[in-house]
Amino acid sequence: MNGTIRVGNLFGIPFYIHPSWFLVLGLVTWSYSSGLAAQFPQLSAGLALLLGLMTALMLFASVVAHELGHSFVAIRQGIDVKSITLFIFGGLASLEKESKTPSEAFWVAIAGPMVSLLLCGIVTAIGVTTTASGPLTAILGVLASVNLALALFNLIPGLPLDGGNILKAIVWKVTGNPYKGVTFASRVGQIFGWVAILSGIVPLLFFGNAGNFWNLLIGFFLLQNAGNAAQFARVQEKLTGLTAEDAVTHDSPIVSGNLSLREFADERVISGQNWHRFLVTDDDGQLVGAIAVDNLRNVPTALWSETQVKEVMRPITESTTVQSDQPLLEVIQLLEEQKLSVLPVIRKNGVLVGILEKAAIIQLLQSRTQPNPA
């Protein structure tokens, strides 16, 4: 998935690492090992490097714990967690779907920062109540401060941060419209993105402070992802209330299984229809299989008149179809997950309605975005 490396499971959740994470791991390890070596000159270079690596790994373990906080609350709500991924900016828990209510969305969003604050408190308590000293005290201080920073940064009220999701849930609760919540929180996220970019550009241009380069990266990250969230919300809002049947292609490629191959070739292939695959129905209009034009090559031309389509067709499993009353947003998600471009649409009694294509969904979306003539 997008060049990430799967390294196992966490409580049954697939765990991935993006290649960019290794760069950050190296930078963090070097930074903290250098700091420890300067603070404690008695440390050897090798031991300082080892302690720096351990510190970096514990910091990323804190990020994973933050994402597990989101994940466990989502699982309690019946939402599957598709994966947890570590990347250059931290971590990301990919959820199967949104929460059903604004209150549930609020608790999923706030769970991560609450875990980070809890870790900050635990680490601080360990440092205060134990006799830890020297490098161990410094490492505990770093862990506590980073978890506090992780919580506070994520509470910034703009998407795609947790604070943005909290704001989205609040606006959703007030307006009753989840998409208005996404739109508002996305705009706030874009504002914070521009602030971060400016805070990185100005010192870099006028004072040559390269340390603000991270502000630029974070700003572009916020700007891009907030914009994507707003765009996706607009699409979702326009498709709300539509079902799979609303996007079925007119004149879908459907043939009766009782046709002979000769009739099929004359009526559907030679007549100029550009379809390469046709859905096959029985006498009751129920979907029973599919036949491709290339399948005709498997039967001698002399036998076409006495061979029926249903003898050559290939069966279609129910898992590769969608119900006519299934929400179109769910169908789009299914197309993306299974990397499909076409799906047959059937009614509950098995009767075939037609095919649904990605192109038809795009056309439907475009038609709903065009202004109505006066």
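Residues numbered from 1 in each chain as written. Predicted model: local features only at pLDDT ≥ 70, side-chain atom pairs only at ≥ 80, totals over all residues. Heavy atoms only, no water.

K.L.:
Outline the overall build of the chain, listing residues and values.
P.N.:
Across its full length, the chain carries 11 helices and 10 strands. Expected size for 374 residues packed as a compact globule is a radius of gyration near 21 Å; at 28 Å, the chain overshoots this value by more than 25%. Principal axes of the C-alpha set define a box for the chain whose edges measure 90 × 55 × 45 Å. In the chain, which comprises 374 residues, the proportion classed as buried is 42%. Taken together, the 22 basic and 25 acidic charged side chains of the chain have centroids lying 8 Å from each other. (Helix = DSSP H or I, 4+ residues; strand = E, 2+ residues; numbered from the N terminus. Rg over C-alpha atoms; globule rule 2.2 N^0.38 Å. Buried < 20%, exposed > 50% of the residue type's maximum accessible area, 1.4 Å probe, protein only. Lys, Arg positive; Asp, Glu negative; His and termini not counted. Charge placed at Lys NZ, Arg CZ, Asp CG, Glu CD.)

K.L.:
Talk me through the packing of helix H2 (residues 45–76) against helix H3 (residues 102–129); I want residue IDs and the actual numbers.
P.N.:
Pairs of packed helices are described in terms of their axes, by the angle between the two and the distance that separates them. The geometry of H2 relative to H3 is characterised by a closest axis approach of 7 Å and an angle of 145° between their N-to-C directions. At the point where H2 passes H3, the crossing takes the right-handed sense. For the pair H2 and H3, contact is made by Ser62, Ala65, His66, Gly69, His70, Val73 and Ala74 and by Trp107, Val108, Ala109, Ala111, Gly112, Pro113, Val115, Ser116 and Leu119, respectively. Taken together, the residues of the contact of H2 with H3 break down into 10 nonpolar, six polar and no charged. (Axes fitted to C-alpha atoms, helices over the stretch in contact; angles between N-to-C directions. Left-handed = near helix turned anticlockwise from the far one by under 90°. Contact = heavy atoms within 4.5 Å. Nonpolar A, V, L, I, M, F, W, Y, C, P; charged D, E, K, R; others polar.)

K.L.:
Could you give an account of the nonpolar core, naming the residues involved and the relevant values?
P.N.:
The biggest cluster of nonpolar side chains holds 34 residues, and the ones touching the most others in it are Phe15, Trp21, Leu36, Leu43, Phe60, Ile84 and Leu86. Leave out the neighbours within four places in its chain, and Phe60 touches Trp21, Val24, Leu25 and Leu86. Among the nonpolar cores identified, the runner-up in size contains 17 residues, and Ala244, Ala247, Val248 and Ile361 belong to it. (Core = buried A, V, L, I, M, F, W, Y, C linked by side-chain atoms within 4.5 Å.)

K.L.:
Account for the pairing of strand S9 (residues 342–346), with residues named and values stated.
P.N.:
The two faces of the sheet receive side chains in turn, since in a regular strand these alternate between them. The buried fraction of S9 amounts to four of the five residues, a majority that puts the element mostly inside the structure. Note: strand S8 (residues 322–323) against S9, two bridges, orientation parallel. Note that in S9 the partner of Gln323 across the bridge is Ile346. What joins S8 to S9 is helix H10 (residues 328–337), and the crossover it makes is right-handed. (Pairing = 2+ DSSP bridges. Right-handed = clockwise from strand over helix to strand, strands pointing away.)

K.L.:
Now, about the environment of Ile110: what can you tell me, with residues and values included?
P.N.:
Positionally, Ile110 belongs in helix H3. In the structure, Ile110 is positioned 37 residues away from Val73 in sequence and 9.7 Å away in space, judged by C-alpha atoms.

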